[in-house]
Amino acid sequence: MKKWLFLFIALFLTIGLAACGESDIEKAENEDNQQEDTNGENAGEQEDNQKEEDTNENKTEKFAIGDTVNFDGVKITLNEARIEPGGEFDTPQNDQFVVVNLSAENTTDEEVTMSSIMNIELKDAESYSYSTTILTEGIKAQFDGSIEPGGTLRGEIPFDVPKSESYELHFSDPFKSGKAIWEIPSDQLSQ
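All of these numbers come straight from a predicted model, not from anything done at the bench. (Residues numbered from 1 in each chain as written. Predicted model: local features only at pLDDT ≥ 70, side-chain atom pairs only at ≥ 80, totals over all residues. Heavy atoms only, no water.)

What follows is about the confidence of the model for the protein. Looking at the protein, pLDDT values average 81 and 72% of them are 70 or higher. Low pLDDT, under 50, characterises residues 1-20; the stretch is placed with three contacts to residues that sit more than four places away or in other chains. Here residues 31-58 is a poorly scored stretch, pLDDT under 50, and it has six contacts once near neighbours within four places are set aside; other chains count. (pLDDT = per-residue confidence, 0-100. Contact = heavy atoms within 4.5 Å.)

Shown next as structure tokens:
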């Protein structure tokens, strides 16, 4: 029995370590931003090289509401962040419900899975972390599910949080290092 347990643990660790690595994270450029510099082609190359150096030094990137991030071939956009009052059966245990609206486009050749529990957390200005909660009213659809190659997914994630000057939405792959972080100042929360 101990041999089977040992073999199972060894197999699990081998698969887990094989899956570990670094996430490829970069801001997705709009078509308008991809035009060449009139001073020469080298200006664009220098900017790309600088971004690559910055990315390699620090695998945590920070973005703003509306920014699209290419995270390992999946383009993720924080469309909106808002305060939701909840419904008849929804009362926040903290001060308020903050809901984020996300969309993801799979540009890879393989199906990917989005999980609001595994991939996403919200932090307040004091770095306290909050995971998703349940709202019975005010949410269009959850940001959970599989995305086929070339497909998209859009959904919302509610958080029960105290009032804070700002929040950070963290997206990560639990099996790789690196995070994409969207900064959300409280004055940019719609109501």
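Having put the structure on the table, let's press on.
This next bit is on the side chain of Asp-67. With respect to the secondary-structure elements, Asp-67 resides in the loop between strand 2 (60-64) and strand 3 (68-71). In this structure the side chain of Asp-67 is engaged in a polar contact, spanning 3.5 Å, whose partner is the side chain of Lys-27. Among all residues touching Asp-67, those that are not within four sequence positions of it are Lys-27, Ile-76, Thr-77, Leu-78 and Trp-182. (Helix = DSSP H or I, 4+ residues; strand = E, 2+ residues; numbered from the N terminus. Polar contact = N/O pair within 3.5 Å; in protein donor to acceptor, adjacent residues only side chain to side chain.)

Time to look at the pairing of strand 2. Residue alternation in strand 2 divides its side chains into a buried set, Glu-61 and Phe-63, and an unburied set, Thr-60, Lys-62 and Ala-64. As paired elements, strand 2 and strand 12 (residues 179-185) share five bridges and run parallel to each other. In the sheet register, Glu-61 faces strand 12, and the bridge partner there is Ala-180. (Buried < 20%, exposed > 50% of the residue type's maximum accessible area, 1.4 Å probe, protein only. Pairing = 2+ DSSP bridges.)

Below, the discussion takes up the sheet that holds strand 11 (residues 166-172). An order of 2-12-11-7-8 is seen for the five strands of this open sheet, with the pairing classed as mixed. Every interior strand has two partners, whereas the edge strands, strand 2 and strand 8 (129-130), have only one.

So, on to the nonpolar core. One finds Val-100, Leu-102, Met-114, Leu-169, Trp-182 and Ile-184 to be the most contacted residues of the largest nonpolar core, which totals 31 residues. Sorting the residues of this core by element identifies strand 3, strand 4 (74-84), strand 5 (96-106), strand 6 (112-114), strand 7 (120-124), strand 10 (152-161), strand 11 and strand 12 as the ones contributing at least two each. Here the element with the most residues in this core is strand 4; it accounts for five residues. Setting aside chain neighbours within four positions, we find Met-114 in contact with Val-74, Ala-104, Asn-119, Phe-143, Asp-144, Gly-145, Ile-147, Leu-153 and Phe-171. (Core = buried A, V, L, I, M, F, W, Y, C linked by side-chain atoms within 4.5 Å.)

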